[in-house]
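Letter by letter, the chains look like this.
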Amino acid sequence: MYLGLDLGTSGIRALLVNESGRPIAEASAPCTVTHPHPGWSEQDPAQWIKACSTAMSALKASHPAEVQSIKAIGLSGHMHGATLLDKDHNVLRPCMLWNDTRSAVEAQELDAQPIFRTLSGNIVFPGFTAPKVEWVRCHEPEIFAQIHKILLPKDYLRFWLTGDCVSDMSDSAGTAWLDADQRKWSSDLLSACALDFSQMPTLVEGSQASGQLRSDLLSEWGVAGPVVVAGGGGDNAAAACGLGCLAAGDGFVSLGTSGVLLAATDAYAPAPEQAVHSFCHAIPDTWFQMGVTLAATDSLNWLAQIVNTTPAALDAALPHEPAGPSAAMFLPYLSGERTPHNDAKPSGVFAGLSIGASQEVLTAAVMEGVAFSLKDCLGALRATGTKIDSLITTGGGTRSRYWLKTLATVLDLPLHVPTKGEFGAALGAARLGMAAHLDGNNLDIMTKPAIAEIIEPKIDLSDAYASRYGQYKALYPAVKSAMG
């Protein structure tokens, strides 16, 4: 058996798969996020340990024989979080999460130094790790002075599992301290933040071993052992492994809390001027490009909360598929935006509202707005020469047929919808664990899912959506000018 542990912002999922990669059992446990000030988003790392223990206790209770047979563990987690440890490996402060935007000033200052884009291959976004730690240096100097190690969220979980401070290339690429081309920490980037190599975890590839599960956890969980813990990956890299997106041209679009459009590449191809993320993949000699919109299903969740209903009820009120653009427009920048604008300031907007605008009009506008934002991402990736002819779909938002048909038409791409099953980051993490244990061919282990349906664009609506996209593109600069 192989175990994938996926540490998300809202909780952890533990997925058991057998030697053929088929999911056998899963368990989950929640985590909570605190927002002590506007723009702040924090989590107590102790929650991650408690949640993992809870999930593993549930798996042990329901599938003791399978848990006993675990041979390897793979890890996935939300990226960019800054977990700061002192010399005794105690946590110095709550972890600042990926959607924490307090370090916008520090991010701009770091990004103004040419070495960051040159070596990391990315804009220094406020959500990245480096500006967060720079914020600590400026605003909490007594804590900064005690930093012995800086770990990403899943890597703090690894430290608890193995006792080792290790990270993988894909997750570390989101810190702004990694030389993404050479796949190693950059002394120049660290020095620019008054840090050094000793404060960084050891690096391994995601499909390589990073350590072994501690003996006391073997006993507690009832595992025969030994158990290899793989390097694992950041959440989107692990999801790509779960979907078999490893070769150049493979890609997926995710309608999750945030929206992601990802394409694997066999060469390092940074494009910071397009606000494209260029990260190492979780397997050797592979990279990926990624465009991100920060509020995808989060936008629909927000609307549902405002009108006192559920996202599923909003979707159910829509027709089976779109007949054309909504009467209203929506700019989905409720949490700021990554690609292509790199703007941390929230600027969500409804436009074109009339007295007759119904709940259905607003729902369709939200879905279209997210689709247009992902079209921005697609354009940014294509501007680098990346070829994308189709995309696999994933994420909770893909349960909406209306949203999928809208997205296919807006992107003018066929969308491949997998058969029902587990194809997310937890499966990708388990596959990375399997690769570390078997030392096998990653392409043989990380296969693509069976496709249940291909959603084709509605060609008869292409012109209408193209025209609306032009209006959408004009909306952001107008709002930016008006709001300052």
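Above this text is the structure in question.
As a starting point, this report considers the structure included with it. If you're wondering where the values come from, they're calculated on a predicted model, not measured in any experiment.

Cut-offs applied
Residues numbered from 1 in each chain as written. Predicted model: local features only at pLDDT ≥ 70, side-chain atom pairs only at ≥ 80, totals over all residues. Heavy atoms only, no water. Pairing = 2+ DSSP bridges. Helix = DSSP H or I, 4+ residues; strand = E, 2+ residues; numbered from the N terminus. Buried < 20%, exposed > 50% of the residue type's maximum accessible area, 1.4 Å probe, protein only. Disulfide = S-S within 2.5 Å. Axes fitted to C-alpha atoms, helices over the stretch in contact; angles between N-to-C directions. Parallel < 35°, antiparallel > 145°, perpendicular 65-115°, else oblique. Left-handed = near helix turned anticlockwise from the far one by under 90°. Contact = heavy atoms within 4.5 Å. Nonpolar A, V, L, I, M, F, W, Y, C, P; charged D, E, K, R; others polar.

### A few points about the pairing of strand 3 (residues 23-30)
In regular strands, side chains alternate between the two faces of the sheet.
Here is step 1 of the chain: In terms of strand pairing, strand 2 (residues 11-17) meets strand 3 through seven bridges, oriented antiparallel. The residue bridging Ala14 from the neighbouring strand is Ala27, located in strand 3.
Here is step 2 of the chain: Where strand 2 folds back onto strand 3 in an antiparallel hairpin, the turn is made up of five residues, including Gly21, whose phi is positive at roughly 90 degrees.

### Comments concerning helix 11 (residues 235-242)
Here is step 1 of the chain: The buried fraction of helix 11 is high, at seven of eight residues.
Here is step 2 of the chain: Listed in full, the buried residues belonging to helix 11 are Asn236, Ala237, Ala238, Ala239, Ala240, Cys241 and Gly242.
Here is step 3 of the chain: Looking one or two places after helix 11, you find Gly244, whose phi comes out positive at around 75 degrees.

### Comments concerning the state of the cysteines
Here is step 1 of the chain: Evaluated as defined, the whole model comprises zero disulfides.
Here is step 2 of the chain: Cys193 forms no disulfide, and the closest cysteine sulfur to it belongs to Cys138, at a distance of 9.9 Å.
Here is step 3 of the chain: Unpaired in terms of disulfides, Cys241 finds its nearest cysteine sulfur in Cys245, a separation of 9.3 Å.
Here is step 4 of the chain: When its relative accessible area of 0% is taken as the criterion, Cys241 is described as buried.

### Examining the packing of helix 3 (residues 104-111) against helix 5 (residues 129-139)
Here is step 1 of the chain: One way to put it is that helix 3 packs onto helix 5 with a least axis distance of 8 Å and a crossing angle of 110 degrees. By the angle between their axes, helix 3 is roughly perpendicular relative to helix 5. Judged by the sense of rotation from one axis to the other, the crossing of helix 3 with helix 5 is right-handed. In this structure, helix 3 contributes Glu106, Ala107 and Leu110 to the contact, and helix 5 contributes Ala130, Pro131, Glu134, Trp135, Cys138 and His139.
Here is step 2 of the chain: Considering only residue class, the contact of helix 3 with helix 5 consists of six nonpolar, one polar and two charged.

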